[in-house]
Amino acid sequence: MPNQPPPNTWRSFMDLNDDSKAEIMAPATGGHNALSPTDPDNPQNWPLPRKLYASSVSFAFVFAMTFGLTSYTAGVTGVMQDFGTSQQVAVLGFSLPIFGIFFAPLYTPHLSERYGRNPVYFTAMPLFALFTLGTGLAQNFATIAICRFLAGFFGGPMVVLIEGTFADIWEGKGRTVTYYSFLTLASFWGTGVGPLVGGFVFASKGWRWLQWVTIFICIAAYLFGVGVPETYGREILRQRARNLGMPPPKLAPAESGVTIGAMARVTVIEPIKMLVTDPITIGISLYLGFNFAVLFSFFISIPVVLTSTYGFTVQQVGIAFNAALAGALLAAVTSILLDTLSFRFFAGRSENGIPALEYRLLSAMIGGSGIIASLFWIAWTADPAFHFLSPIFGTLLYVWGNMSVLISAISYLFDAYPPRGTLAALTTAACFRLALAGVVPLVIIQMILGLTGAWAYSTFGFIAAAMAPLPWLLFKFGPTLRAHSKYGPGAMAMQSKMMGHEMMSQGVKEEMHTGDMTSGHSSV
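So, how was this worked out
Residues numbered from 1 in each chain as written. Predicted model: local features only at pLDDT ≥ 70, side-chain atom pairs only at ≥ 80, totals over all residues. Heavy atoms only, no water. Helix = DSSP H or I, 4+ residues; strand = E, 2+ residues; numbered from the N terminus. Buried < 20%, exposed > 50% of the residue type's maximum accessible area, 1.4 Å probe, protein only. Contact = heavy atoms within 4.5 Å. Areas by Shrake-Rupley, 256 points an atom, 1.4 Å probe, with all protein chains shown as cover. Core = buried A, V, L, I, M, F, W, Y, C linked by side-chain atoms within 4.5 Å. Expected span 1.5 Å × (residues − 1).

Quick look at the overall build of the protein
Line of reasoning, step 1. Counting secondary structure elements, the protein contains 19 helices and 0 strands.
Line of reasoning, step 2. A total of 524 residues make up the protein; the buried ones form 58% of that total.
Line of reasoning, step 3. Counted over contacts in the protein with a minimum sequence separation of 6, partners at least 24 positions apart contribute 83%.
Line of reasoning, step 4. Put simply, the protein shows about 20,500 Å² of open surface, and 69% of that area lies on carbon and sulfur atoms.

Points about the nonpolar core
Line of reasoning, step 1. By size, the foremost hydrophobic cluster in this structure holds 129 residues, and its most contacted members are Phe296, Leu375, Met403 and Tyr457.
Line of reasoning, step 2. With 16 residues, helix H12 (residues 279–310) is the single largest residue contributor to this core.
Line of reasoning, step 3. Leaving out residues up to four positions away in the same chain, Leu375 has contacts with Phe290, Val294, Phe298, Tyr398, Tyr457, Phe460, Gly461 and Ala464.

Digging into the environment of Leu423
Line of reasoning, step 1. Assignment of secondary structure puts Leu423 in helix H17 (residues 419–467).
Line of reasoning, step 2. Looking at Leu423, the relative accessible area reads 0%, which means it is buried.

Side note on helix H4 (residues 87–101)
Line of reasoning, step 1. In this model H4 runs 22 Å from its N-terminal to its C-terminal C-alpha over 15 residues, within 8% of the 21 Å that 1.5 Å per residue would give.
Line of reasoning, step 2. Every buried residue belonging to H4 is among Ala90, Val91, Gly93, Phe94, Ser95, Leu96, Pro97, Ile98, Gly100 and Ile101, and all of these are buried.
Line of reasoning, step 3. Tucked inside the fold, the buried residues of H4 contact helix H2 (48–71), helix H3 (76–83), helix H5 (104–115), helix H7 (141–169), H12 and H17.

None of this, on its own, says anything about what the molecule does.
Rendered as structure tokens:
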């Protein structure tokens, strides 16, 4: 039997002869993908068009979710006028769905482990659309607040699962930075397009049409994904067993826990502990949290600044967000190029041909300087004395630096610990940055009014300067910190063993054992 199917054909497991079936029926007992590398049903063995389709579906779902999140900002003034609210209250409609998404990294891995990717995607999308509909039909702001929060809460798994879907389909082969470059770009695209399209929709139809357009996109994404196959290896094995009339396959215990207590430990208790005890997780969470807080404050402050300073219309403000899209694209390109070049350089100088994990921090080391420069640039050139393109290009530079740091830091965190530690660390970083991303937009206008725009963003610049040395410090001291971490291989192996005894003592069935370690990170 060949190691993999021919490149231009695809056969399912059911097409194989009995000897070939027997060869791959014993699933892998560890790692992310439970399917045999030679299994034709393994998504990594699919033909390229099938891979691209499945990846595009996950992208479309995330695009719909993130578009609905940020397009609301184009209609804030309309909400204020219709319901007589203050600007700060109206901005709650932007922050509340972010607070809803905050919970997604906590529960999505467990749903995905038990039911696969598709049931979660195709349940989250209708629920998100339903509460978006509620927002559009709202007759008071309280309804908007409730529906926007619930839209984020129930739609959040789509943003979280894209990482797991990509990991199912594409083989990383040690190129984690390149992998996360594509993942981050896919997750950010809807976020940037929301205000761009939203400005034109609001100007011609009003703020309620922002919700209708979001629903249209949700319907289009849902229909586009109707034929998508399941990508999660363990669910593919379970489906195969059901189709053959066989008992559920025996799979390795879930690294994220099977009992309620074990699940809470991995995605709630351990992340909280890591946020206050693990130096690497603390540093990365603080840095990414600050960067995301500033980034999401732009969705509120940019319209205010461009309108009051340069007299921009809402459509022109939307066009200005092209700079953010360009910055995200530039970050992906430069991160991939740097990863490719540095991988060759460090691999050739390592004893085993595998670069040290710290080489992944190079993009963050460079991107941090862009964050500092851009914040001072924006602070002191958003003034009628300067052309309006100056602060807009400063925004491009900020998004480039922000995304470069995110891609680099998450790539580093992804392999800094064993699987259970990785899930806890990624959950910590995701939830912390989502919390700050929701809070800062609520106070950014007050900061600008109290400190002036120049000093508000200069304050951010000083904070960024204080945090910029972090990737450099991790580059030098990271190996030592990882070796002494209580979440290192030895400590986590002991905890996993204890969890295994707990599962057995409570009579957990083998067929419930799953282990999705790639769904604990949100790229929003």
